[in-house]
Amino acid sequence: MSSVRARTALSATAVVGAVLVLAGLGLVLALRADLTGQAGLRAEIAAREVAAQIAAGTPFDRLDLPDGDEYPVRVTDGRGALLAASEDVRSITGAPVPDAADAPDSGGDSENDKDTDTEAEYGTGTANVDGDQEPYRFAVLSGERDGTPYTVTAGASLSAEQDAVRTAVVFLLAGLPVLLAVVWTATWVAARNALRPVDGIRAEMEAITASTDLSRRVPVPQVRDEVARLARATNETLAALQAAVERQRRFVADASHELRNPIAALRTELEVAAAHPSLLDLDSAVGDVARLQTLASDLLLLARFDAGEETPMEPLDLDELAREKVALRSGTVPVTVETVKTLTVRGDRQGLERVLDNLLDNAQRHAAGAVAVRVAEDGRWALLEVADDGPGIPAADRERVFDRFVRLDESRARDAGGAGLGLAIVRDIVHRHGGRVEAGSAPWGGALLRVRLPLV
């Protein structure tokens, strides 16, 4: 069955059917055992009444025996010879035969000879009463009078009990299909009602796929159940997908804008040089090509990050790496470095070098006269701080500055700064290393960029 509703109804019906069959079987067996036990008790009472007459000295041929149809009674001696029997009782078969060891001791006194408190034995058999063979539950008592052993066998009819058991079985067999049909219907309806929101979610997802409108959301049921949680999770996924698509569109638009300017400038320079070779500004053309190369490299790196590309990690000394990168720095703005001790982090060497390069490039671009690098320990974190004495970053822009293509320069001219990808690359690399980056204010008023990486 392809329908979840049908499979659920079938499973529930099968389980309930199995439980009902087992319960019905147990009920029938318990009913049968109870009715048989009651018949045995009635048979024992009839046997004890006869045994009491024998113990009182009533001759065997004068015993007051019950009606044979209801309680067939037979009294025999130790050799099985018939001493007395109910009227119309022709034979009794299947009744238990007492063991010799169970008979009273013949060496006792006369009072013990009249004891009728012996344990009864029970058995199920048949009795022929006036030519009719019927099932009975028999109780057998053994006793002794005047040195003569005797056995009293009394039965109670099982016909009514068997009829009651047969009636119970018929009712159970007749009611089982009805109950199973009710269970099937109730389960199918309940499953249909429970899964109806799923159909709504499926239909809306198909509509979203057909329309490519990621702003749409699936309906969330009012009931707080698993389907509602599924709908909310689906909406969260759609929201994340919509944000990713919008971010990708902005990325493509900004990348196109950033690439268009240097390409247009380079084309203009080449066209001028083609018409007037003497006016060729080779340094400017090389600068435009270098900017294009840097921008293409940054875009490729961000694309690799978005694709989830994994990079191998290894233990690295962050303080040593900072000293190496600072030693390679040149320019008009000096850079100092302060390290306290060896701090080992687990990371990608090229990625962490890119973090230091971008932070130092940003600091030297905006610094007035000094850039300071500090590596320290902060609990379970390795702390990397790069500070400058420039204009700083306004508090309102300290989160936005890490977004892609965000520049806080007054203009987006080619010489006003980079493409706005440096700090975005820093954030992505730091996040891939399990760390975080934040912007603040340096002690002397400039910008302070702080990176935290987990220590090994």
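Residues numbered from 1 in each chain as written. Predicted model: local features only at pLDDT ≥ 70, side-chain atom pairs only at ≥ 80, totals over all residues. Heavy atoms only, no water.

### Observations concerning a negative patch on the surface
Now for step 1: Side chains of D67, D69, E70, E87, D88, D132 and E134 sit close together on the surface and give a patch of like negative charge.
Now for step 2: When you line up the elements, E134 lands in strand β5 (residues 132-145).
Now for step 3: Judged by its relative accessible area of 32%, E134 is partly exposed. (Patch = residues over 30% accessible without salt bridge, like charges linked within 9 Å, V, L, I, M, F, W, Y side chains within 5 Å. Areas by Shrake-Rupley, 256 points an atom, 1.4 Å probe, with all protein chains shown as cover. Salt bridge = Lys/Arg side-chain N within 4 Å of Asp/Glu carboxyl O. Lys, Arg positive; Asp, Glu negative; His and termini not counted. Charge placed at Lys NZ, Arg CZ, Asp CG, Glu CD. Helix = DSSP H or I, 4+ residues; strand = E, 2+ residues; numbered from the N terminus. Buried < 20%, exposed > 50% of the residue type's maximum accessible area, 1.4 Å probe, protein only.)

### Focus: the nonpolar core
Now for step 1: Counting residues in hydrophobic clusters, the biggest one holds 46 residues, and the most contacted among them are L359, V371, V373, L384, L421 and V451.
Now for step 2: Broken down by element, this core gets its largest block of residues, six residues, from helix α7 (residues 349-366).
Now for step 3: Residues contacting L421, with those up to four places away along its chain left out, are L295, D298, L299, L302, R404 and F405.
Now for step 4: In terms of nonpolar packing, the next biggest core, distinct from the first, is built from 22 residues, A47, A120, V152 and L158 among them. (Core = buried A, V, L, I, M, F, W, Y, C linked by side-chain atoms within 4.5 Å. Contact = heavy atoms within 4.5 Å.)

### Focus: unusual backbone geometry
Now for step 1: The phi torsion at D146 lies on the positive side, around 55 degrees, for a residue other than glycine.
Now for step 2: We classify D146 as exposed; its relative accessible area is 69%.
Now for step 3: Backbone geometry at F405 places phi at a positive 60 degrees, although glycine is not the residue there.
Now for step 4: By the element assignment, F405 lies in the loop between β11 (381-388) and α8 (422-432).
Now for step 5: Judged by its relative accessible area of 6%, F405 falls in the buried class.

### Section: the pairing of strand β6 (residues 148-157)
Now for step 1: Among the ten residues in β6, seven count as buried, and that is most of the element.
Now for step 2: Of the pairings in the sheet, the one linking strand β1 (residues 73-77) to β6 comprises five bridges and is antiparallel in character. Among the inter-strand pairings, V73 is bridged to a residue of β6, identified as A154.
Now for step 3: Of the pairings in the sheet, the one linking β5 to β6 comprises ten bridges and is antiparallel in character. Looking across to β6, one finds that G143 is bridged to Y150.
Now for step 4: Linking two consecutive strands that pair antiparallel, namely β5 and β6, is a turn of two residues; a positive phi of about 55 degrees is found at D146 within it. (Pairing = 2+ DSSP bridges.)

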